[in-house]
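For reference, the chains in residue letters:
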Amino acid sequence: MIIRWAEAGDEAGWRALWDGFLGYYEMSLAPEITDFTWARLMDPESPLKARLACEGDAVLGFAIHQHHPSTWVMGDDCYLEDLFVDPAARGRGVGRALLQDLADHARAMGWKRLYWNTDASNATARKLYDSFTPDDGHVRYRMTL
């Protein structure tokens, strides 16, 4: 398994995982939103980026993230927006490798913090995340505009 940046040729593999990610959360998005997300991931000027875990031609998982300025540190934060591993590849350390890779990348970039959230009932993900750091007790609010 290798972890690398998403490339244009990864679109079909990423989309298959994206569909699985949305299905896990029982969400559906208009196709144009997924198209827009992929376009942003491929745009060198976009802060939205994706790291992929791959084995041969198979895309096993992704970590979509972005960095941004912070008022809490002298530098930038990195927000892990979406992490997903193909159910057939789970239990093989793919999620751990993606998260560790992103933490290593963030450190190398000089970013000061890495943060993410997950569904409170996602016990499997929380077990992985708790092995990196305890939750910080924050509750997320999201307002649709």
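This text follows the structure it describes.
Quick summary incoming for the structure in this document.

## Observations regarding the packing of helix α1 (residues 11-24) against helix α2 (residues 31-42)
Inference 1: Where α1 contacts α2, the axes come no closer than 12 Å and their chain directions differ by 130°. In this view, α1 runs oblique relative to α2, as classed from their interaxial angle. Remark: the crossing between α1 and α2 carries right-handed chirality. In contact with Glu11, Trp14, Arg15 and Trp18 of α1, α2 contributes Thr34, Asp35, Thr37, Trp38 and Leu41.
Inference 2: Its residues assigned to classes, the contact of α1 with α2 comprises four nonpolar, two polar and three charged.

## Some points on the environment of Leu52
Inference 1: Examined against the element boundaries, Leu52 turns out to sit in strand β2 (residues 49-55).
Inference 2: Overall, Leu52 belongs to the buried group, its relative accessible area being 0%.
Inference 3: Separated by twelve residues in the primary sequence, Leu52 and Ile64 have C-alpha atoms spaced 8.7 Å apart.
Inference 4: Not counting the four nearest positions on each side in its chain, Leu52 is found in contact with Ile2, Ile3, Arg4, Ala6, Asp10, Trp14, Val59, Gly61, Phe62 and Leu98.

## Concerning the sheet that holds strand β3 (residues 58-69)
Inference 1: If you trace the five strands from one edge of the open sheet to the other, you get β1-β2-β3-β4-β5, paired in mixed fashion. At either end of the open sheet lies a strand with only one pairing partner, and these are β1 (2-5) and β5 (113-115). Strand-to-strand twist of the sheet, defined as the mean angle between neighbouring strand axes without regard to direction, takes the value 25°.
Inference 2: Alignment of strand β4 (residues 76-85) against β5, held across three bridges, turns out to be parallel. Of the residues in β5, the one forming a bridge with Cys78 is Leu114.
Inference 3: The sheet strands contacting α1 are β2, β3 and β4, and the helix crosses β3 at an angle near 75°.
Inference 4: Together, β1, β2, β3, β4 and β5 form the strand contacts of helix α3 (residues 94-109), whose direction differs from that of β4 by roughly 165°.

## Digging into the packing of α3 against helix α4 (residues 123-132)
Inference 1: In the contact formed by α3 and α4, the axes pass within 11 Å of each other and the chain directions differ by 40°. With respect to each other, α3 and α4 are oriented oblique. Two packed elements cross with a definite hand, and for α3 against α4 that hand is right-handed. The residues of α4 that touch α3, namely those facing Gly95, Arg96, Leu99 and Gln100, are Leu128, Tyr129, Ser131 and Phe132.
Inference 2: Residue classes in the contact of α3 with α4 are distributed as four nonpolar, three polar and one charged.

## Some thoughts on the pattern of salt bridges
Inference 1: Under the definition given, this model contains eight salt bridges.
Inference 2: The salt bridge involving Asp35 is made with Arg15; its shortest N-O contact spans 2.6 Å. Here Asp35 is found in helix α2, whereas its partner Arg15 is found in helix α1, with 20 residues between them in sequence.
Inference 3: One salt bridge connects Arg126 with Asp135, and the closest N-O pair in it is separated by 3.7 Å.
Inference 4: For Arg126, a relative accessible area of 31% translates into the label partly exposed.
Inference 5: Looking at Asp135, the relative accessible area reads 51%, which means it is exposed.

Conventions adopted
Residues numbered from 1 in each chain as written. Predicted model: local features only at pLDDT ≥ 70, side-chain atom pairs only at ≥ 80, totals over all residues. Heavy atoms only, no water. Axes fitted to C-alpha atoms, helices over the stretch in contact; angles between N-to-C directions. Helix = DSSP H or I, 4+ residues; strand = E, 2+ residues; numbered from the N terminus. Parallel < 35°, antiparallel > 145°, perpendicular 65-115°, else oblique. Left-handed = near helix turned anticlockwise from the far one by under 90°. Contact = heavy atoms within 4.5 Å. Nonpolar A, V, L, I, M, F, W, Y, C, P; charged D, E, K, R; others polar. Buried < 20%, exposed > 50% of the residue type's maximum accessible area, 1.4 Å probe, protein only. Pairing = 2+ DSSP bridges. Salt bridge = Lys/Arg side-chain N within 4 Å of Asp/Glu carboxyl O.

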